[in-house]
Amino acid sequence: MAVIYVDHADDSRLSDFTAVSDPELARTRGIFVAEGRLVVRRLLTASSFRPRAVLVTPSAMEALEDALPARPDVPVYIVPKDVMEGVAGFNIHRGCLATGERPPRVDWRSCVARARRAVVLERVGDADNVGAIFRSAAAFGAGAVLIGPACADPLYRKAIRKSMGAALTLPFADADPWPATLRDLTADGWAVVALTPAADAMPLRDFTSMTRPPRVAIVLGHEGDGLTEEALAACEYKVRIPIRASVDSLNVATAAAIALYELS
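One numbering rule holds for all chains: residues counted from 1, following each sequence as written. Owing to the predicted nature of the model, reporting of local features is limited to residues with pLDDT of at least 70; listing and counting of side-chain atom pairs is limited to 80 or more, with chain, interface and lining totals taken over all residues. Side-chain calculation: all heavy atoms of the structure are included, whereas hydrogens and water are not.

J.: Help me out: how do you make sense of the pairing of strand S2 (residues 31–35) in this one?
T.: Within a regular strand, the side chains alternate between the two sheet faces. For every residue, the accessible area obtained with a 1.4 Å probe (protein chains only) is divided by the maximum for its type, and the residue is called buried under 20%, exposed over 50%, and partly exposed between those limits. Numbering of helices and strands runs from the N terminus, with a helix taken as a DSSP run of H or I at least four residues long and a strand as a DSSP run of E at least two residues long. With respect to burial, S2 is a largely interior element, 5 of its 5 residues being buried. By the alternation rule, side chains of S2 split into Ile31, Val33 and Glu35 and Phe32 and Ala34, which are all buried. Note on pairing: two strands pair once DSSP finds at least 2 bridges between them. Where S2 lies against strand S5 (residues 96–101), 5 bridges are found, and the strand directions are antiparallel. Residue pairing across strands places Phe32 opposite Gly100, the latter belonging to S5.

What follows is the structure, given as structure tokens:
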């Protein structure tokens, strides 16, 4: 394990970490940034993604010391807190960052090949919601997430942090072409379930009480507008979570958690 002490924020060896607050720069460089001790630990010990470097303060180094030997080829840069903030451009509360290499694109069929439950997203643009959905998917045993159009990047720093590292361990792939992927899932034997607040949709408990199909994909849409008409038409089932009439809908990540719990 290469441990390197750095005293200056402009050290060229730390250049990848300047992408912490610039997701487009991270994408251009083919990297992602993980933030926080638990998330970095998962990158080092539980993820198939290749870490490139770790940046820590001395106290964070102590907290990660047992995990770092899992990746002895990864350089570990130890810096004072003010140097870390100078590189990142803001206060990194837990004093711990890592960069990793973005994986090559995966065909969605290979992504879901071993899954019995999957989550499919369309136009879920908020990184916190995407991260929370990944966390629930991991918690309730979904085997894959398929990313449709106009969704936040699962490997954006905020999404990874909100997922508690699940975005680094749960398989995901682009649902491309869209919405044909939904029809292809049905043709492959999946029950494709649109989650919608529409009054004519089947209550979730009624769906889960049916003779359960062996493979179920839950499809979730935009935080405000829901699924597009094209996506709804491509789904075999329309299912709703019954709520009081005074509330029009649930947060998309909350709805995902409830549906995944019921299916589990």
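J.: Explain the pattern of salt bridges to me, please; I cannot follow it from the model alone.
T.: When the charged atoms of two side chains lie near each other, side chains of opposite charge can form a pair. In the sections that follow, a salt bridge refers to a side-chain nitrogen of Lys or Arg positioned within 4 Å of a carboxyl oxygen of Asp or Glu. Applying the stated rule across the entire model yields 16 salt bridges. Linking Glu35 and Arg161 is a salt bridge whose minimum nitrogen-to-oxygen distance equals 3.2 Å. Of this pair, Glu35 sits in strand S2 while Arg161 sits in helix H7 (residues 157–162), placing them 126 residues apart in sequence. You can call Glu35 buried: its relative accessible area is 9%. Owing to a relative accessible area of 35%, Arg161 belongs among the partly exposed residues under this scheme. Here Arg109 makes a salt bridge to Asp188, at a shortest N to O gap of 3.2 Å. One end of the pair, Arg109, is in helix H5 (residues 108–112); the other, Asp188, is in the loop between helix H8 (180–187) and strand S9 (191–195), with 79 residues separating them in the sequence. Under the relative-accessibility criterion, Arg109 is labelled partly exposed at 38%. If you follow the salt bridges from partner to partner, you end up with Asp16, Arg29 and Arg52 in one network.

J.: So what exactly am I meant to see when it comes to the layout of surface pockets here?
T.: One water molecule sets the probe size; rolling that probe over the atoms shows where empty space is left. Grid points spaced at 1 Å and placed over the protein atoms alone form the basis of the search, with a cavity being a set where a 1.4 Å probe fits but cannot get out and a pocket an open set showing protein on both sides within 12 Å along at least five of seven lines. Lining residues have an atom within 4 Å of a point. Grid points are joined across faces, edges and corners, and a volume is the space filled by probe spheres set on the points. Estimates place the volume of the largest pocket at around 570 Å³. The wall of the largest pocket is formed by 25 residues, among which Pro103, Pro104, Leu155, Phe172 and Ala173 lie closest to the centre. Residues are grouped as follows: Ala, Val, Leu, Ile, Met, Phe, Trp, Tyr, Cys and Pro are nonpolar; Asp, Glu, Lys and Arg are charged; every other residue, Gly included, is polar. Looking at the lining of the largest pocket residue by residue, the class counts come to 17 nonpolar, 3 polar and 5 charged. In this structure, the second largest pocket occupies an estimated 470 Å³ of space. Every element with two or more residues in the lining of the second largest pocket is listed here: strand S12 (237–240) and helix H11 (252–263). When the residues that make up the lining of the second largest pocket are grouped by side-chain class, the tally is 15 nonpolar, 6 polar and 5 charged.

Purely geometric numbers; function is a separate question.
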